[in-house]
Amino acid sequence: MFRATLKSLLARKLRLVLSGLAVVLGVMFVSGAFVLTDTLGRSFDAVFADGFSDIDVNVAGKPKVALSEAEGEQVAAPVPASVLDRVRTVAGAAEVKGVVNADGTRLIGSNGKAVTSFGPPQLGENWLGESDLVRLREGRAPQADTEIVVNAALAEAAKVKVGDRVGVLTPMSSKRQDFTLVGIFGYSGDRDSLGGVNEVAFTTPVAQRQILGEPDVFTSVAVRAADGTTPEALRDAVAAAVGGGYEVKTGEQLAADAAAGLKEGLSFFNKILLGFAAVALLVGTFLILNTFSIIVAQRTRELALMRAIGAGRRQIIGSVVLEAVAVGLVASALGLAAGIGVGALLAYLFGKLAGGLALAELGVPPAAVIGAFGVGLVITVVAALLPALRASRIPPIAAMQDVATPDRPLTRVTIGGAVVTAIGATLLFLGLGGHAGDQTLATILGGVLFAFIGVALLTPLLSRPVVALLGSIFAWSVPGKLGRLNSGRNPRRTAITAAALMVGIALVTGVTVILDSAKGSISALAADTIKAELVISGAQSGPRPPSFDPAVLDQAAALPGVRLVDGEYGDMAVVGGKRTWVAASSNVAALQQIFGAKATAGDISRLGPDQMLVSSDTAKARGLSVGSTVAVQLSRGEARSYTVSGIYESSQLTNPVTLPPQATRDFAIPQPIQGFVQLAPGARVADVQPQVERLLADSPEVSVADRDAFIKQQAGQLDGLLTMIQILLALAIVIAVLGIVNTLALSVLERTRELGLLRAIGLRRGQTMRMITVEAVVISVFGALLGVAVGTGLGAAVVRALKDEGITDLILPWRQMGTFLVLAAIVGVVAAVLPAIRAARINVLGAIAHE
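What to know about the overall build of the protein
Okay, so step 1: Broken down by element type, the protein carries 24 helices and 24 strands.
Okay, so step 2: Its C-alpha atoms give the protein principal-axis dimensions of about 100 × 75 × 50 Å.
Okay, so step 3: When burial is assessed residue by residue, the protein has 50% of its 851 residues classed as buried.
Okay, so step 4: Roughly 37,300 Å² of accessible area belongs to the protein as shown, and the carbon and sulfur atoms make up 61% of that amount.
Okay, so step 5: Counting 72 positive and 66 negative side-chain charges, the protein places the centres of these two groups 17 Å from one another.

Given below as structure tokens:
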């Protein structure tokens, strides 16, 4: 039986290669994700190990507000110079240095624009001199308050050289300040940066003022151990000397903690890639199921003969499953190899994007190998089980009959599809309705999966009428009529092929519906709410949002034609023991006059230095009322109490908590991140906008735009997300196209005699090709129609569930949906090329004699 199975497998190489290709692509995604995250993880391990190699022990202040990498910039409490003096007295401390080092220092390049970073921080620091790690390549160290040095990567990006006067924006000032570039430094191993980080180094007093905002303080104290003293022993001694208000760690601990934070982000990215891989494998399952179903149907006589000469049902099942295992093993091995290549390529691109990250040696983690073969084998075998069971039920008497594919009733599969779809709908209702508790995401994903499977099971019931309707478009010619009949002759086969395409199209459509609805709702809300003709803002490219000089607000308010100006600040704080986003307005009156806030209690038109305003939702959730006192801890300074002086109605554009402008000095970013300019009656935007632009000349990170352009810019940020999702889902659509090719190729082989007879009675080669093309186009458009319908339904359900979150308008992307249908027709034409050529080249006499 094994030899017979092997011979059968080798006799059907092409069709099994096509189905195996689906597994290859899915496994490639899985293994590539693990290779990518493993390579990047080890690369960052090396970066942080190097970065902290000069430190045996580090002393740092505890952050006032603890934040994760995803939540924003965490500000550590400054370490006073007195702690530095205490550490110097500790036995075993050979060298003690005060370090100033924080994100948020941006160099202005030769083009007048601030150098941006897509991920790595932009550090401002005090120059501590050369070491085994850091070496000056050009120039000298900064000595005067007007001098700086930068690392080689930043000098190259900014196109600046030693001797240039360059502008710098710092965490304490978003107004351009000019310095003389006196040196450029690099790192051991001829590296221009560590992990793509941009660094600007000042003298220590300037760094303290510009980065920390006060003199005689540091972000940390770095200690080198004397010979014979271990880092662990020194850490314990330093911790005892400085007391419990500081975090004291070894250099190894610092490197491990820094790498762990980044690996958490890489893990999230890995899960996203695996999610798209799961979609691709789901589509591949339909392809493999269809392939083995067709092969079993074509081998009816062969399998019946095996039964007639003594093969048992288990042997027949084993024969089909063995073929699936062979396909799965080969496809998994090829997918693993392709995944290693893709992972290496993505790591290389990530390294370039991160500013020249030095990549670790490419490795293949065990998870990539186990995932590749585990997923590949499981998917292939599971998809082949139903055809295998069907093959085992072929009676020996079928050996004496012509090969045929009986058209079985659709009752059971329709009932099963209805049940599965109902389960999916129930799970979606529970998940989207907020009734699943901590399992919301798992419930929603399970609902989507069951919905797809249920619709796929219901598709055979829909295929005949829908395919007949679609086919009627081409029924004006003989090839068109034949193509329409062929596409509807086997509802199950057509349904599975179309369902594979449906999954990808449905997900793209659903995401498009959700994002377009979000864009439309946000735009409509902003247009109705924001009563400012001009907006000052910038595009955020890293963890820190762009900001500008607060003096611009007063200068803009003094311009002719300007009625009201407001600057908006923001920070994450601990309010009443809970982390909460807080805002501050330079002009509290703007809450009503620009944002249309409505008071529900108290007075929201003014705010004293010890007063705060809260939204009605926040007040209700925390039991606050006018007169309530709340402790607030900001990123800097000490906690202080504020009294609630007013409550405003909650909306999507109001903040949970609004603090007085005096509080902004303790924000992580003490400059405004947005500005709103309301014009006086009769004033023209075209007259005022250029004047505001001139005021922003020293704040190159931001610009001023009219309200409509600002709203369009904010809503357009979702377009990048949509494009990324469409690119990742394109793999699933490619696999679905392979499914159409495979189905048509096997169908042509199955209908060899029929095609020969058609050619014998006068069907020309061109007509034969058109017939196959019509069949492919009908199946493709049918799958796209299903995908558009299912995706629209899923998207509308999500939009409905997010109504309370501000997505109030359901917007259907008619243009994109029409594009999907047109592309589906083109896909059908492309998928039909090889099968149509094969059908047209059939030898007529040989085909008539074919059995």
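Digging into the pattern of salt bridges
Okay, so step 1: In this structure the tally under the stated criterion is 19 salt bridges.
Okay, so step 2: Between Asp-50 and Arg-191 there is a salt bridge, with the nearest N and O atoms lying 2.5 Å from each other. In this pair, Asp-50 is assigned in helix H2 (residues 13–51) and Arg-191 in the loop between strand S10 (173–187) and strand S11 (198–202), connecting sequence segments 141 residues apart.
Okay, so step 3: Three or more residues joined by partner-sharing salt bridges are found here, namely Arg-137, Asp-190 and Asp-192.

Observations concerning the side chain of Asp-164
Okay, so step 1: Position of Asp-164 relative to the elements: it lies in the loop between helix H4 (152–158) and strand S9 (165–170).
Okay, so step 2: At 2.9 Å, the side chain of Asp-164 forms a polar contact with the backbone nitrogen of Lys-161.
Okay, so step 3: Setting aside its immediate chain neighbours within four residues, Asp-164 contacts Phe-179, Thr-180 and Leu-181.

Some thoughts on the packing of helix H12 (residues 440–471) against helix H21 (residues 765–801)
Okay, so step 1: H21 packs onto H12 with a crossing angle of 130° between their chain directions and a minimal axis gap of 10 Å. The angle between the axes of H12 and H21 places the two elements in the oblique class. In this structure, H12 crosses over H21, and the sense of that crossing is right-handed. In this structure, H12 uses Phe-452, Val-455, Thr-459, Leu-462, Ser-463, Val-466, Val-467, Leu-470 and Gly-471 to contact H21, whose residues at the interface are Val-778, Val-781, Phe-782, Leu-785, Leu-786, Val-790 and Leu-794.

Observations regarding the nonpolar core
Okay, so step 1: Counting 99 residues, the largest nonpolar core has Phe-286, Phe-452, Met-502, Val-503 and Ile-772 as the members making the most contacts within it.
Okay, so step 2: In terms of residue count, helix H7 (residues 251–298) provides more of this core than any other element does, 16 residues in total.
Okay, so step 3: Core analysis: the next-biggest nonpolar cluster, separate from the first, contains 40 residues, Val-57, Val-206, Val-223 and Val-238 among them.

Focus on the packing of aromatic side chains
For any pair of aromatic rings, the description rests on two quantities: the centre-to-centre distance and the angle between the ring planes.
Okay, so step 1: A full pass over the atoms with the stated rule returns six aromatic pairs.
Okay, so step 2: Arranged with centres 5.4 Å apart and planes meeting at 50°, the rings of Trp-127 and Phe-185 form a pair that is tilted. Here the residue Trp-127 occupies a position in the loop between strand S6 (122–126) and strand S7 (134–139), and Phe-185 occupies one in strand S10, the gap between them amounting to 58 residues.
Okay, so step 3: Look at Phe-185 and you get buried, because its relative accessible area is 1%.
Okay, so step 4: With a centroid separation of 5.9 Å and an interplanar angle of 75°, the aromatic rings of Phe-185 and Tyr-187 are classed as edge-to-face. The pair formed by Phe-185 and Tyr-187 is uniform in burial state, with each residue classed as buried.
Okay, so step 5: Aromatic ring contacts, followed pair by pair, group Trp-127, Phe-185 and Tyr-187 into a single cluster.

Section: the sheet that holds strand S13 (residues 220–225)
Okay, so step 1: Within the open sheet, the four strands sit side by side as S3-S13-S1-S14. Their pairing is antiparallel. Both edges of this open sheet fall to strand S3 (93–99) and strand S14 (246–250), since each of them pairs with a single strand only. Strand-to-strand twist in this sheet, taken as the mean axis angle between neighbours without regard to direction, amounts to 20°.
Okay, so step 2: Here strand S1 (residues 57–61) runs beside S13; their pairing, made up of four bridges, is antiparallel. Residue Val-57 lies in a different strand from S13, and its bridge partner there is Val-223.
Okay, so step 3: Together, S1, S3, S13 and S14 form the strand contacts of helix H6 (residues 231–242), whose direction differs from that of S14 by roughly 170°.

Quick word on unusual backbone geometry
Okay, so step 1: Its identity is not glycine, yet Asp-190 carries a phi of approximately 60°, on the positive side.
Okay, so step 2: Mapped onto the secondary structure, Asp-190 falls in the loop between S10 and S11.
Okay, so step 3: On the basis of relative accessible area, Asp-190 is assigned to the exposed category, the value being 67%.
Okay, so step 4: The residue Asp-216 is not glycine, and still its phi comes out positive at about 60°.
Okay, so step 5: Among the structural elements, Asp-216 can be located in the loop between helix H5 (204–212) and strand S12 (217–218).

A look at the environment of Asp-216
Okay, so step 1: On the basis of relative accessibility, which here comes to 53%, the residue Asp-216 falls in the exposed class.
Okay, so step 2: Once residues lying within four places of it in the same chain are set aside, the contact partners of Asp-216 are Val-79, Pro-80, Ala-81 and Gln-208.

Thoughts on the side chain of Ser-193
Okay, so step 1: The topology assignment puts Ser-193 in the loop between S10 and S11.
Okay, so step 2: The class for Ser-193 is buried, based on a relative accessible area of 5%.
Okay, so step 3: Of the polar contacts made by the side chain of Ser-193, one reaches the backbone nitrogen of Gly-196; its length is 3.1 Å.

Description of the packing of helix H9 (residues 313–353) against helix H10 (residues 366–392)
Okay, so step 1: Relative to each other, H9 and H10 sit at 150°, their axes nearing to 7 Å. By the criterion of interaxial angle, the relationship of H9 to H10 is roughly antiparallel. In the packing of H9 onto H10, the handedness of the crossing is right-handed.

With respect to the confidence of the model for the protein
Okay, so step 1: Mean pLDDT over the protein stands at 83; residues scoring 70 or higher make up 92%.
Okay, so step 2: Within the protein, the element-level pLDDT minimum falls on helix H1 (residues 2–11), averaging 60, and the maximum on strand S8 (residues 147–151), averaging 95.

Comments concerning the environment of Ala-158
Okay, so step 1: By the secondary structure assignment, Ala-158 is in helix H4.
Okay, so step 2: We classify Ala-158 as buried; its relative accessible area is 2%.
Okay, so step 3: Once the C-alpha coordinates of Ala-158 and Gly-109 are considered, the two residues, 49 residues apart in sequence, prove to be 4.1 Å apart.

Cut-offs used in this document
Residues numbered from 1 in each chain as written. Predicted model: local features only at pLDDT ≥ 70, side-chain atom pairs only at ≥ 80, totals over all residues. Heavy atoms only, no water. Helix = DSSP H or I, 4+ residues; strand = E, 2+ residues; numbered from the N terminus. Buried < 20%, exposed > 50% of the residue type's maximum accessible area, 1.4 Å probe, protein only. Areas by Shrake-Rupley, 256 points an atom, 1.4 Å probe, with all protein chains shown as cover. Lys, Arg positive; Asp, Glu negative; His and termini not counted. Charge placed at Lys NZ, Arg CZ, Asp CG, Glu CD. Salt bridge = Lys/Arg side-chain N within 4 Å of Asp/Glu carboxyl O. Polar contact = N/O pair within 3.5 Å; in protein donor to acceptor, adjacent residues only side chain to side chain. Contact = heavy atoms within 4.5 Å. Axes fitted to C-alpha atoms, helices over the stretch in contact; angles between N-to-C directions. Parallel < 35°, antiparallel > 145°, perpendicular 65-115°, else oblique. Left-handed = near helix turned anticlockwise from the far one by under 90°. Core = buried A, V, L, I, M, F, W, Y, C linked by side-chain atoms within 4.5 Å. Phe/Tyr/Trp six-rings, centres within 6.5 Å; stacked < 30°, edge-to-face > 60°. Pairing = 2+ DSSP bridges. pLDDT = per-residue confidence, 0-100.

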